[in-house]
Amino acid sequence: MRSLHAALRRLLHAVLLGLVGAGIVHIIVLLLVPDFSERDAWSRLSMASDLYRMNRLDAEAGGAPVVKSVDPLFYATACRFDLEEGMVRIKAPGDVPFWSVSVYDRSGHNIYSFNDHTATGGKLDAVVLTPAQMIDVRKDLPEDLQGAIFVEAPIDEGIFVIRSFVPDESWKPIVSRFLDQSSCELQDF
């Protein structure tokens, strides 16, 4: 009887240890998938266009979306940039019910986010730059950058994503125009 208890205890211990080990391995594999994926957002956007070009991420632009959106009430556009070439300025004309912006590094980690409530007058005008570029800009801020939002990002390459809310069918053309007229340009300083 005693040996049966000991055998069951060892079996239970081995099963629990196996389950915990399998759980740890499973979590590690899930966390490493983005690092080994060849079809991440950066790769998909690079197949769609060059750096500093806005790409619609939703199907409303015609064709299949570059990156699938989880919310059908938001349209989105994105551009890839390289801060080693200089700072990047993102602008979008017009008024929409709500817009938000996210800056991601090449791996897809969110570096910075803001929305229309942060911007001067609700207008989208932002500059993404490195800490070293920010020091240079602060020495002599150009007049045309006075109202811009500055995003200091310690990255070389990244993705800038603009999302805009579409409350109903009547807003679809307005939001589409807002995103289609948005720009992502290398800014000289």
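Here the structure is shown first, and the text comes after it.
Everything quoted here is computed from the prediction, not taken from an experiment.

**Student:** Got a minute to help me understand the sheet that holds strand 7 (residues 149-152) in this structure?
**Tutor:** Within a sheet, each strand pairs with its neighbour through backbone hydrogen bonds, oriented either parallel or antiparallel. In space, the 4 strands of this open sheet follow the order 7-6-3-9, with mixed pairing throughout. Each having just a single partner strand, strand 7 and strand 9 (183-187) make up the two edges of the open sheet. Taken pair by pair, the neighbouring strands of this sheet meet at an average axis angle of 25°, ignoring direction. Relative to strand 6 (residues 124-129), strand 3 (residues 87-92) is paired through 5 bridges, and the arrangement is antiparallel. Pairing of Lys 91 across the sheet is with Asp 125, part of strand 6.

**Student:** What's the story with the state of the cysteines in this structure? I'm lost.
**Tutor:** Here, the word disulfide means a covalent bond between the sulfur atoms of two cysteines. Counted by the stated rule, this structure contains 1 disulfide. Note on cysteine connectivity: Cys 79 is disulfide-linked to Cys 184, with sulfurs 2.0 Å apart. Judged by the sign of its S-S torsion, about 60°, the bond between Cys 79 and Cys 184 is right-handed. Residue Cys 79 is found in strand 2 (residues 74-82), and its partner Cys 184 is found in strand 9; the two are separated by 105 residues along the sequence. Residues Cys 79 and Cys 184 agree in their burial class; the two are buried.

**Student:** What am I meant to see in helix 3 (residues 131-139) here?
**Tutor:** Since one α-helical turn is 3.6 residues long, residues separated by three or four positions face the same way. Of all the residues in helix 3, the buried ones are Gln 133, Met 134 and Val 137. An end-on view of helix 3 places all buried positions within 100° of arc, on one side of the element. Residues Ile 135, Arg 138 and Lys 139 are exposed on helix 3 and point more than 90 degrees away from its buried face.

**Student:** Before we go on, may I ask you to explain helix 4 (residues 172-180) in this structure?
**Tutor:** Buried within helix 4 are the following residues: Val 175, Ser 176, Phe 178 and Leu 179. For helix 4, the angular spread of buried residues about the axis comes to 160°, placing them on one side. On its buried side, helix 4 packs onto strand 1 (55-56), strand 2, strand 3, strand 4 (99-105), strand 6 and strand 8 (157-165).

**Student:** Looking at this structure, I do not really get the pairing of strand 2. What am I missing?
**Tutor:** Across a regular strand the side chains alternate sides, sitting on one face of the sheet and then on the other. Most of strand 2 is tucked away: 8 of the 9 residues are buried. With 2 bridges connecting them, strand 1 and strand 2 associate as antiparallel partners. Residue pairing in the sheet places Asn 55 in a bridge with Ala 78 of strand 2.

**Student:** What is the right way to read the packing of aromatic side chains from this model?
**Tutor:** In this description, a pair of aromatic rings is defined by centroid distance and the angle of the planes. Applying the stated criterion across every chain yields a total of 4 aromatic pairs. Aromatic side chains Phe 74 and Phe 165 sit 5.5 Å apart centroid to centroid with 50° between the ring planes, which places their arrangement in the tilted category. Of this pair, Phe 74 sits in strand 2 while Phe 165 sits in strand 8, and the two are 91 residues apart along the sequence. An aromatic cluster of at least three residues, connected via ring pairs, comprises Phe 74, Phe 98 and Phe 165.

Rules and cut-offs
Within each chain, residue numbers correspond to sequence positions counted from 1 in written order. Per-residue local features of the predicted model are confined to residues with pLDDT of at least 70, and side-chain atom pairs are confined, for both listing and counting, to 80 or more; whole-chain, interface and lining totals are unaffected and use all residues. Computation of side-chain values: all heavy atoms of the structure, hydrogens and water removed. Pairing between two strands is assigned when DSSP locates at least 2 bridges connecting them. Counting from the N terminus, the helices are DSSP H or I runs at least four residues long and the strands are E runs at least two residues long. Helix axes are fitted only over the stretch in contact, all axes being lines through C-alpha atoms; the angle between N-to-C directions runs from 0 to 180 degrees. By definition, disulfides here are pairs of cysteine sulfur atoms that lie within 2.5 Å. Only protein chains enter the accessibility calculation, which uses a 1.4 Å probe; a residue whose area is less than 20% of its type maximum is buried, one above 50% is exposed, and one in between is partly exposed. Directions drawn from the helix axis to the C-beta atoms are what define this arc. Any two residues whose heavy atoms approach within 4.5 Å are treated as being in contact. We call Phe, Tyr and Trp rings a pair once their centres come within 6.5 Å, taking the six-membered ring for Trp, and we label the pair stacked below 30 degrees between planes, edge-to-face above 60, and tilted otherwise.

Nothing here speaks to function; it is geometry throughout.
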